[in-house]
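# Structure at a glance
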Amino acid sequence: MTAISDPSPAVTDFRRALVDALDTVGDATGRELWCALGRGGVLAAHTAGEDPRADRLRALLTELDARYPLGVVLSVCVQVATALPILLHGPASEHVAGVGAAALRGEAMLALAATDSAASGSDLMDLGTTAVLGEDTVVLDGGKRWITNAGTADHLLVLARHRPQRHFTSFLWVLVPADAPGLTVEPADGSMFAGSGVGHLSFDAVTLGRDHLVGAPGRGLATFSRHIATERLAGGLWAGAMCRRVLTDTRRALADKPLHGATAWDNDAVRQRFARCLVESRRIDALCADVCGGSGGLVDSMVLKASVADSLDRVLGECVQLIGADAFGAGGVARLRAEAAMFGVAGGATGAMLAGVADHADDLLGGPR
Amino acid sequence: MDTRFVTMLRPFLKYAGANEITLDSSLRDLGLDSMQAVELLFAIEDTYQVSLPDELLTDTTFATAGNLWAAIESSGVGAEAGAKLC
Ligand SMILES: Cc1cc2nc3c(=O)[nH]c(=O)nc-3n(C[C@H](O)[C@H](O)[C@H](O)COP(=O)(O)OP(=O)(O)OC[C@H]3O[C@@H](n4cnc5c(N)ncnc54)[C@H](O)[C@@H]3O)c2cc1C
C-alpha cells in the first residue's frame, strides 16, 4: 500500500474520470452506479497496478460519500476494497477471469459472503458452510447472513470450508452465480442501509464446476487476510470523508443558529465540543496515513478499525447534539449516525479487533516501527 | 532446518523465549495462533519466494517446526538456503 500523498497527475486524472462517470448517472441505484464506474474506466483505473493506491481509494470514497446514501456507498466499497481484489488475485480459471473482467467493466456486480449463519462473524474459523470437492464439481451447503449486495449481485464470492479442521488452511472461495439452483436470497429486514442490497443467503446442494473455485483450496482465509487490511483502510478513508462532510455542514449550521443574541458558533462551550470532533476526525486521518505508510499488517489494520469506529461514533454523536432537533429530520445526521454504527461491526467487530490488539500488545509496545 | 527459517519462525512463537526450536517443537504449544499462522505463511512465501503446494496447505504442515520445514523444502528450497541446524 502506498502512502497518501498530494494528488499526482494520475490521481487528478482518476478523479476527473470519476466525476465524469458520476455526473452521467446522478441519483442512482448501486447497480447503475457500478455500471457507470465500470463504463467510465474508473474501476479498471482503480485496480491498475499491484495494489489499489490509497489516494485513489480516498478520492473514490470521498466523492461517493458526498453524493450517495451510506447503503449505496457500502455497495461499491465492498466490491472495490474486497471482492474485486480477491477475484483478481492470482491465477484464475477462464470462468473466474471472465467474471473479473466483466466486473471491471461494470457489467457484473459482486458480493462477498464470509459471515456465516452458523457462527459468530468474528470467528470465521467456526463457519459452517461446507464445500465438498469432487473431481469436477464443488457442492455448497449452508448459509450466510448480512451480506452486502446479496440481493443485487450477479456473482457471490462465498467463503466455505472444505475440511472440518479448525485451521486456516480449511477454507476456499467459490464464485456462485446468483441464479444457481439451490441458492436462495432473503433481504435483511429493517429500514437501514437502503441501496446496499444487504441480505441473507442459503445454499442447498448448490453444485458448480470446479472452475468456479477462486484460488486454491486451503488458501481462502489467507487470501482474505491479504486483502482485509485494504478493506479496513477503505473504511477509515470513508469515515474520514464522512467526518469532514458532516463537520462542514455542522459548522455552517452552528454559524446560522441564533444563541443568546449571537450564534451557536460564538459560544465557547460549543466551539470546544466542535474542536473535539475535529481532533477525532484528524485521528482517523492520521491512523489511515500510518497504515498506508507502514507494512499494512493485520495488527495495524485492527488498531485502525477499532479506532475509526470509536472516533466516527463520537463525531457523529456530537454533531447530532450540536445540531439539535433538526438532526432528526429527513437526511439528518441522526439517521446517518445510526447506520454508521456498522463501522464498529461490519468487516470486524470492535470487540474482536481489541482482542486481536491485546494479543499483540508486546509487538505494539515494541516502540516506533 | 536452516538458520534463516528458525530466525523467521521465532517472532511468531511467543512462548518460545530463548529455548531451542527443534524439528518436534509444536508450533501451537509455542504460541502460534491462527492469525499468526496466516502471517507466517506469507513470511515463508516472501522469504523463500515459494508457493506452498495446495496438498501441503493443511493443519499437519503447521503442527511442528519440522513439518513446516519439510513443506518448504518440498517446494524447492534446498539445503543451500542456509546453514543446517538439525
Ligand atoms: C451493514 C452490514 C453489512 C455487512 N456486509 C457484509 C458483507 O458484505 N460480507 C460479509 O461477509 N459480512 C458482512 N456483514 C457482517 C459483518 O461482517 C459481521 O456482522 C461482523 O463480522 C460481526 O459479526 P457478528 O454480527 O456475528 O457479531 P459478533 O462477531 O458475534 O460480535 C458480537 C459482539 O461480540 C463482540 N466480540 C466478538 N469477538 C470478540 C472477542 N474475541 N473478544 C471480545 N468481544 C468480542 C463484538 O465486539 C460484538 O460486540 C455486514 C454487516 C453489516 C451490519
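Residues numbered from 1 in each chain as written. Chains lettered and ligands numbered in written order. Predicted model: local features only at pLDDT ≥ 70, side-chain atom pairs only at ≥ 80, totals over all residues. Heavy atoms only, no water.

Residues and elements named next belong to chain A. Taken together, 22 residues form the shell around the ligand, and within it T115, G121, S122, R145 and G351 come nearest. At a separation of 2.7 Å, a nitrogen atom of the ligand approaches a polar side-chain atom of T115. Separating an oxygen atom of the ligand from a side-chain N or O atom of S122 is a distance of 2.3 Å. Contact with the protein chains covers 67% of the free accessible surface of the ligand, which is 980 Å². Elements represented by at least two residues in the shell around the ligand include exactly strand 1 (110-113), strand 3 (137-147) and helix 11 (350-359). The greatest single-element share of the shell around the ligand, amounting to four residues, is contributed by helix 11. Tallied by class, the residues present in the shell around the ligand amount to 13 nonpolar, eight polar and one charged. Composition of the shell around the ligand by domain shows at least three residues from each of domain 2 (110-217) and domain 3 (222-365). (Near = heavy atom within 4 Å. Polar contact = N/O pair within 3.5 Å; in protein donor to acceptor, adjacent residues only side chain to side chain. Areas by Shrake-Rupley, 256 points an atom, 1.4 Å probe, with all protein chains shown as cover. Helix = DSSP H or I, 4+ residues; strand = E, 2+ residues; numbered from the N terminus. Nonpolar A, V, L, I, M, F, W, Y, C, P; charged D, E, K, R; others polar. Domains from an automatic or database assignment.)

Quick look at the pairing of strand 3 of chain A now. Along any regular strand, the residues point their side chains to alternate faces of the sheet. Residues and elements named next belong to chain A. Looking at chain direction, strand 2 (residues 130-133) and strand 3 are connected through four bridges and run antiparallel. From the neighbouring strand, L133 faces strand 3, where its bridge partner is V138. Between the end of strand 2 and the start of strand 3, which pair antiparallel, lie three residues. Where strand 3 lies against strand 7 (residues 199-209), eight bridges are found, and the strand directions are antiparallel. (Pairing = 2+ DSSP bridges.)

What follows concerns the packing of helix 2 (residues 30-39) of chain A against helix 5 (residues 70-88) of chain A. All names here are of chain A. Here helix 2 crosses helix 5 at 50°, and the two axes come no closer than 9 Å. Between helix 2 and helix 5, the crossing angle belongs to the class labelled oblique. Crossing of helix 2 over helix 5 shows right-handed handedness. Between helix 2, through G30, L33, W34 and L37, and helix 5, the contact on the second element is made entirely by V72, S75, V76, Q79, V80 and L84. For the contact of helix 2 with helix 5, the class distribution of residues is seven nonpolar, three polar and no charged. (Axes fitted to C-alpha atoms, helices over the stretch in contact; angles between N-to-C directions. Parallel < 35°, antiparallel > 145°, perpendicular 65-115°, else oblique. Left-handed = near helix turned anticlockwise from the far one by under 90°. Contact = heavy atoms within 4.5 Å.)

The next thing to look at is the packing of aromatic side chains. Overall, the coordinates contain six aromatic pairs over all chains when judged by the stated rule. By the ring-pair criterion, three or more aromatic residues cluster together here, those being F5, Y48 and W69 of chain B. The cationic tip of R226 of chain A hangs over the ring face of F42 of chain B; the distance from NZ or CZ to the ring centre is 3.9 Å. Here the guanidinium or amino end of R251 of chain A rests over the ring plane of W265 of chain A, the centre of that ring lying 4.0 Å away. (Phe/Tyr/Trp six-rings, centres within 6.5 Å; stacked < 30°, edge-to-face > 60°. Lys NZ or Arg CZ within 6 Å of the ring centre and 35° of its normal.)

Here the focus is the UniProt feature "domain: Acyl-CoA oxidase/dehydrogenase middle" (unreviewed entry) in chain A. Look at the UniProt record and you will see "domain: Acyl-CoA oxidase/dehydrogenase middle" (unreviewed entry) annotated at residues 111-206 of chain A. Each end of residues 111-206 of chain A is marked by a C-alpha atom, and these two atoms are 17 Å apart; helix forms 0% of the span and strand 47%. (UniProt positions renumbered as here; feature names shortened; annotations may be inferred.)

Here we come to the nonpolar core. Residues and elements named next belong to chain A. The biggest cluster of nonpolar side chains holds 121 residues, and the ones touching the most others in it are W238 and F343. Considering every element that reaches this core, the biggest residue donor is helix 7 (residues 220-256), with 14 residues. I147, A153, L201 and L208 belong to the second-largest nonpolar core, a separate cluster that totals 21 residues. (Core = buried A, V, L, I, M, F, W, Y, C linked by side-chain atoms within 4.5 Å. Buried < 20%, exposed > 50% of the residue type's maximum accessible area, 1.4 Å probe, protein only.)

What follows concerns the interface of chain A and chain B. Between chain A and chain B, the residue contacts involve 19 residues of the former and 19 residues of the latter. Its largest share of buried area at the contact with chain B, chain A owes to F168, R219 and R226 of chain A, together 35% of the area lost on that side. Taken together, the links from chain A to chain B amount to two salt bridges. Scanning the region where chain A abuts chain B turns up five residue pairs in polar contact (both at pLDDT 80 or more). Tallied by class, residues from the side of chain A that touches chain B come to eight nonpolar, six polar and five charged. (Buried area = accessible area lost by both parts, 1.4 Å probe. Salt bridge = Lys/Arg side-chain N within 4 Å of Asp/Glu carboxyl O.)

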